Amino acid sequence: MKNFFYLFFKSFLDVVPLVSVLLFFQIFVIGESFQHPLEYLLGLFLVVFGLFLFMRGLEAGLFPLGESMAHSFAAKGNIWWLLIFAASIGYATTIAEPALIAIANKAEIITEGKLSAFTLRNTVAIGVASGIAVGTMRIILGHPVHYYVITGYTLVMIMTLFAPNEIIGLAYDLAGVTTSTVTVPLVTALGVGLASSIAGRNPLVDGFGLIAFAAPTPMITVMAYGIAVL
Amino acid sequence: MIEFLNTLVADFLIILRDVAPVLAVVLFFQFAVLKQSLPNPKK
């Protein structure tokens, strides 16, 4: 019970900077009092409680499970299954991202149906899946991460030259939302777990960097989709 | 208050639906490919 309160307090401390910024601007810059202080307090409590549950869920469930599966795949020694797993995790977590769903729906409305929300979500998810698979291959081969990232963004720049103007901003934004709540914990656990189970790999050097692969590839696939339909 | 609780339950169901594909992938690979049980299932 003591541990529960300590961890809850830690979650509260994590939210303090954000609350301080909001309070400072509301009171000292805008100079207005809060219209519904009780509702705001309840909302703040829910944010802290939600963050507390999310962090405990990651520590107890997602991180150990992701790492344990990465260890098991490395022990099994079948690279193809590992790559299929990495791509599937990338695809499934991206398709579940609430921010992606919101932006894709908005894009369909704004373009009056020229861009389909369903196709857009799948295009982004396929981009992330291929990026995570390439990133996993990079960990297995032990190549430096920056070679891949530089190549990825060079391809993004080349695609930008050919993509219609209407899709460029959307493609760049969609790359950002793919690395959100659901994707990051599982993909990080996969990368760190894999790097710590392959001989000669350092979890710090080789394990991190997998998330970086989830950004340029969806930009490329979404711009390709834009070239095809706009 | 009832409206607030309704929103809370609806949001919870949406999250369950969104997380279902992730759970499906993890469970499929754990049981069908790796042929292992979940480590520390209680956790």
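Residues numbered from 1 in each chain as written. Chains lettered and ligands numbered in written order. Predicted model: local features only at pLDDT ≥ 70, side-chain atom pairs only at ≥ 80, totals over all residues. Heavy atoms only, no water.

(A) View of the overall build of chain B. From N to C terminus, chain B includes one helix and zero strands. Taken along its principal axes, the extent of the C-alpha atoms in chain B is 45 × 20 × 5 Å. The buried share among the 43 residues of chain B stands at 19%. Of the roughly 3,400 Å² of accessible surface on chain B, a fraction of 72% belongs to carbon and sulfur atoms. (Helix = DSSP H or I, 4+ residues; strand = E, 2+ residues; numbered from the N terminus. Buried < 20%, exposed > 50% of the residue type's maximum accessible area, 1.4 Å probe, protein only. Areas by Shrake-Rupley, 256 points an atom, 1.4 Å probe, with all protein chains shown as cover.)

(B) Here's a closer look at the nonpolar core. Residue and element names in this part refer to chain A. Counting 50 residues, the largest nonpolar core has L120, I132, L174 and M223 as its most contacted members. Not counting residues within four places of it along the chain, the set of residues in contact with L174 comprises L100, I103, L120, V124 and V222. L7, F8, V15 and V48 belong to the second largest nonpolar core, which has five residues in total. (Core = buried A, V, L, I, M, F, W, Y, C linked by side-chain atoms within 4.5 Å. Contact = heavy atoms within 4.5 Å.)

(C) Seen up close, the interface of chain B and chain A. Listed as interface residues are 14 residues of chain B and, on the opposing side, 21 residues of chain A. Of the roughly 1,600 Å² buried between chain B and chain A, counting both surfaces, carbon and sulfur atoms make up 82%. Per-residue buried area on chain B facing chain A is highest for V22, F29 and L34 of chain B; these three make up 32% of the total on that side. Seen at the junction of chain B and chain A, the total is two residue pairs in polar contact (both at pLDDT 80 or more). Of the residues assigned to the side of chain B that touches chain A, the class counts are ten nonpolar, two polar and two charged. (Buried area = accessible area lost by both parts, 1.4 Å probe. Polar contact = N/O pair within 3.5 Å; in protein donor to acceptor, adjacent residues only side chain to side chain. Nonpolar A, V, L, I, M, F, W, Y, C, P; charged D, E, K, R; others polar.)

(D) Up close: helix α6 (residues 145–162) of chain A. All names here are of chain A. Helix length check: α6 (18 residues) gives 27 Å between terminal C-alpha atoms against 26 Å at 1.5 Å per residue, within 8%. Listed in full, the buried residues belonging to α6 are G152, V156 and M159. Buried positions in α6, seen along its axis, are confined to an arc of 65 degrees and lie on one side of it. Away from the buried face of α6 by more than 90 degrees, exposed residues Y147, I150, M157 and L161 are located. (Expected span 1.5 Å × (residues − 1). Arc of directions from axis to C-beta.)

(E) Just the environment of E108 of chain A, in detail. Residues and elements named next belong to chain A. Relative to the assigned elements, E108 resides in helix α4 (residues 98–110). For E108, a relative accessible area of 33% puts it in the partly exposed group. Sequence separation of E108 and F28 is 80 residues, and the distance between their C-alpha atoms is 40 Å.

(F) Region of the structure containing a nonpolar patch on the surface. Residues and elements named next belong to chain A. Among the surface-exposed residues, V21, L23, F24, F25, I27, F28, V29, I30, F34 and Y40 lie close enough to one another that they form a single nonpolar patch of about 970 Å² accessible area. Element by element, the count of residues in the nonpolar patch is highest for helix α1 (residues 2–29), at seven residues. For F25, a relative accessible area of 42% puts it in the partly exposed group. (Patch = residues over 30% accessible without salt bridge, like charges linked within 9 Å, V, L, I, M, F, W, Y side chains within 5 Å. Salt bridge = Lys/Arg side-chain N within 4 Å of Asp/Glu carboxyl O.)

(G) Highlighting the side chain of S72 of chain A. Looking at where S72 of chain A falls in the secondary structure, it is placed in helix α2 (residues 37–76). Polar contacts involving the side chain of S72 of chain A include one to the side chain of Q36 of chain B, which spans 3.0 Å. S72 of chain A has contacts with L34 and Q36 of chain B, leaving out every residue within four places of it along the chain.

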